[in-house]
Amino acid sequence: MSRVLTGDRPTGKLHIGHYVGSLKARIAMQDSHEVFIIVADVQALTDNFSCPEKIRENILESTIDNLAIGLNPDKVKFFIQSAIPEIAELTIFFMNLVTHARVLRNPTVKQELKSKNFRNPPFGFVAYPVSQAADILIVRANLVPVGQDQKPMIELARDISKSFNKIYGCNVFPIPIGVYSANKVLVGIDGKFKMSKSLNNAIFFSDSDEIIKEKVFNMYTDPNRIHPTDPGRVEGNPVFIYHDLFNKNVLEVQDLKERYVKGKVSDVEVKHRLFLALTEFIAPIRERRIYFEKNKDIVWDILRTGTSIVKKEAEHTLELVREAIKIDYFK
Ligand code: TRP
């Protein structure tokens, strides 16, 4: 069975953008692959190092979200990044295989620096893609399902893996393949930026129906359409992007689109239908969230079990790595 590794930074609750970007693919893979989910607290600390309590709280939230969307803990191994010190070790060895210039060129990191207004970023933050390569390769994963924004990270991991095997004349690491969601990054309810907690433009799995309603009704649509009788634009319109992704009633969506371009439907109706579709999708996930919120011990046990399995894998990987780099002095 080929191995899959993916995961999240525990910086907040997950939202429907995460679903489109990667959660959906995780669920699809859990029956046919050995899936590992990393709770990337060390990576989260690279830009949150001064608020460790926030990361600690979100370890649980993030795991609960993954369980609630339907990942089965009997099949999927959840683990905590900081509990595997071998990842940090591997990162150090990988740093030699990446040029300084390449680290600074990473378009996703650049975008993050811009959106976070990070003028003088810590070294750890710009270097996090190297440690992400270690996250992937510590379990020698073959596949990495992620959103399109993670492409530069996967490319880096692939190149690091190739360099490592070539330079040290070994075959320790597979060349991991990125599995990108067909949909590009999901736009937020502001219609401007990628959906993201920090930009305040997300719909969360934990949102109540009232909050979902409020968010949907405040959504950005076609800015040129003032009256329901004005012909509207469907392409690139966030309300229709969401309809296409979350409304199971394809005929309804088709009908709304046809009427929208003709100026024969109000934004209110389009949004009301979207609200109904979204609550239908989110309600069962929210129920499961509540169950795990009430049973946190179960969640900690899932994390403990997964982490101890990965720890053994990681120790084995590091043995192979030390041997390859010829630093296995006291073996
Ligand atoms: N960088 C990813 C994100 O922001 C999270 C992540 C950390 C990850 N380590 C990973 C994703 C390893 C895939 C593989 O969403």
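Higher on the page you've got the structure.
Residues numbered from 1 in each chain as written. Predicted model: local features only at pLDDT ≥ 70, side-chain atom pairs only at ≥ 80, totals over all residues. Heavy atoms only, no water.

Undergrad: How do you make sense of the pairing of strand β5 (residues 177-180) when you look at a structure like this?
TA: Two faces belong to every sheet, and in a regular strand the side chains alternate between them. Relative to β5, strand β4 (residues 143-146) runs parallel, the two being bridged by four bridges. The residue of β5 that forms the bridge with proline 145 is valine 179. This β-α-β element, β4 to helix α9 (residues 151-167) to β5, shows right-handed connectivity. (Pairing = 2+ DSSP bridges. Helix = DSSP H or I, 4+ residues; strand = E, 2+ residues; numbered from the N terminus. Right-handed = clockwise from strand over helix to strand, strands pointing away.)

Undergrad: Got a minute to help me understand the packing of helix α3 (residues 52-68) against helix α13 (residues 267-294) in this structure?
TA: Geometry of a packed helix pair, given as the angle between the helix axes and the separation of the axes. Between α3 and α13, the shortest axis-to-axis distance is 8 Å and the interhelical angle comes to 135°. Of the possible angle classes, the one that applies to α3 and α13 is oblique. Viewed along their axes, α3 and α13 form a crossing whose handedness is right-handed. Facing α3, whose interface residues are Glu61, Ile64, Asp65, Leu67 and Ala68, α13 presents Ile285, Arg288, Arg289, Phe292 and Glu293. Of the residues that constitute the contact of α3 with α13, the class distribution is five nonpolar, no polar and five charged. (Axes fitted to C-alpha atoms, helices over the stretch in contact; angles between N-to-C directions. Parallel < 35°, antiparallel > 145°, perpendicular 65-115°, else oblique. Left-handed = near helix turned anticlockwise from the far one by under 90°. Contact = heavy atoms within 4.5 Å. Nonpolar A, V, L, I, M, F, W, Y, C, P; charged D, E, K, R; others polar.)

Undergrad: Is there a simple way to explain the site of the ligand in this structure?
TA: Not every one of the 13 residues close to the ligand is listed here, only the nearest: Arg9, Gln43, Gln132, Asp135 and Gln150. For the ligand, a nitrogen atom lies 2.9 Å from a polar atom in the side chain of glutamine 132. At 3.0 Å from a nitrogen atom of the ligand is found a side-chain nitrogen or oxygen belonging to glutamine 150. The fraction of the free accessible surface of the ligand (370 Å²) that becomes covered by protein chains is 89%. Taking a 2 Å distance to the grid points as the criterion, the majority of the atoms of the ligand fall inside the largest pocket. Within the residue set of the shell around the ligand, elements represented by two or more residues are β1 (3-8), α8 (128-137) and β4. (Near = heavy atom within 4 Å. Polar contact = N/O pair within 3.5 Å; in protein donor to acceptor, adjacent residues only side chain to side chain. Areas by Shrake-Rupley, 256 points an atom, 1.4 Å probe, with all protein chains shown as cover. 1 Å grid on protein atoms, 1.4 Å probe; cavity = no way out; pocket = protein on both sides within 12 Å on 5 of 7 lines; lining within 4 Å. Sits in = over half its atoms within 2 Å of the grid points.)

Undergrad: Please clarify how empty space enclosed by the protein should be interpreted in this entry.
TA: If a probe as big as a water molecule is rolled over the atoms, it shows which places are left empty. Enumeration according to the criterion identifies one cavity of 30 Å³ or more in this entry. Approximately 40 Å³ is the volume found for the largest cavity. If you list the elements that add at least two residues to the lining of the largest cavity, you get α1 (16-29) and α11 (238-246). Class assignment for the residues of the lining of the largest cavity results in four nonpolar, one polar and one charged. (Points joined across faces, edges and corners; volume = space filled by probe spheres on them.)

Undergrad: Would you mind showing me how to read the nonpolar core here?
TA: The tendency in soluble globular proteins is for nonpolar side chains to be buried side by side. Counting residues in each nonpolar core, the largest one holds 51 residues, and the members touching the most others are Ile16, Ile203, Phe205, Tyr242 and Phe246. Looking at this core element by element, the count peaks at eight residues for α13. When residues are assigned to domains, this core turns out to be shared by domain 1 (3-186 + 296-325) and domain 2 (209-289), each giving three or more. Filtering out sequence-adjacent residues up to four positions away, phenylalanine 246 remains in contact with Ile16, Tyr19, Val20, Leu186, Ala277, Leu278 and Phe281. Formed by 41 residues, the second largest nonpolar core is a distinct cluster that contains Ile38, Phe79, Val109 and Leu113. (Core = buried A, V, L, I, M, F, W, Y, C linked by side-chain atoms within 4.5 Å. Buried < 20%, exposed > 50% of the residue type's maximum accessible area, 1.4 Å probe, protein only. Domains from an automatic or database assignment.)

Undergrad: For this particular structure, what's the right way to read unusual backbone geometry?
TA: Most peptide bonds adopt trans geometry, and most residues besides glycine take a negative phi value. Even without being a glycine, arginine 140 presents a positive backbone phi close to 50°. Topologically, arginine 140 is positioned in the loop between α8 and β4. By relative accessible area, arginine 140 is classed as buried at 18%. Unusually for a residue other than glycine, asparagine 200 sits at a positive phi of about 60°. One can find asparagine 200 in the loop between β5 and α10 (209-217).

Undergrad: In this structure, what is going on with helix α4 (residues 85-95)? I would like to understand it.
TA: Every α-helix carries 3.6 residues per turn, so stepping three or four residues along brings you back to the same face. Those residues of α4 that fall on the buried side of the exposure criterion are Glu86, Ile87, Leu90, Thr91, Phe93 and Phe94. For α4, the angular spread of the buried residues around the axis is 165°, confining them to a single face. Looking at the buried residues of α4, the elements they touch are β2 (34-39), β3 (77-80), α8, α9 and α14 (296-325). (Arc of directions from axis to C-beta.)

Undergrad: For this particular structure, what's the right way to read a nonpolar patch on the surface?
TA: Taken together, the side chains of Ile92, Met95 and Phe123 present a nonpolar region at the surface, about 320 Å² in accessible area. The residue methionine 95 is located in helix α4 in this model. Exposure remark for methionine 95: the relative accessible area of 33% places this residue in the partly exposed category. (Patch = residues over 30% accessible without salt bridge, like charges linked within 9 Å, V, L, I, M, F, W, Y side chains within 5 Å. Salt bridge = Lys/Arg side-chain N within 4 Å of Asp/Glu carboxyl O.)

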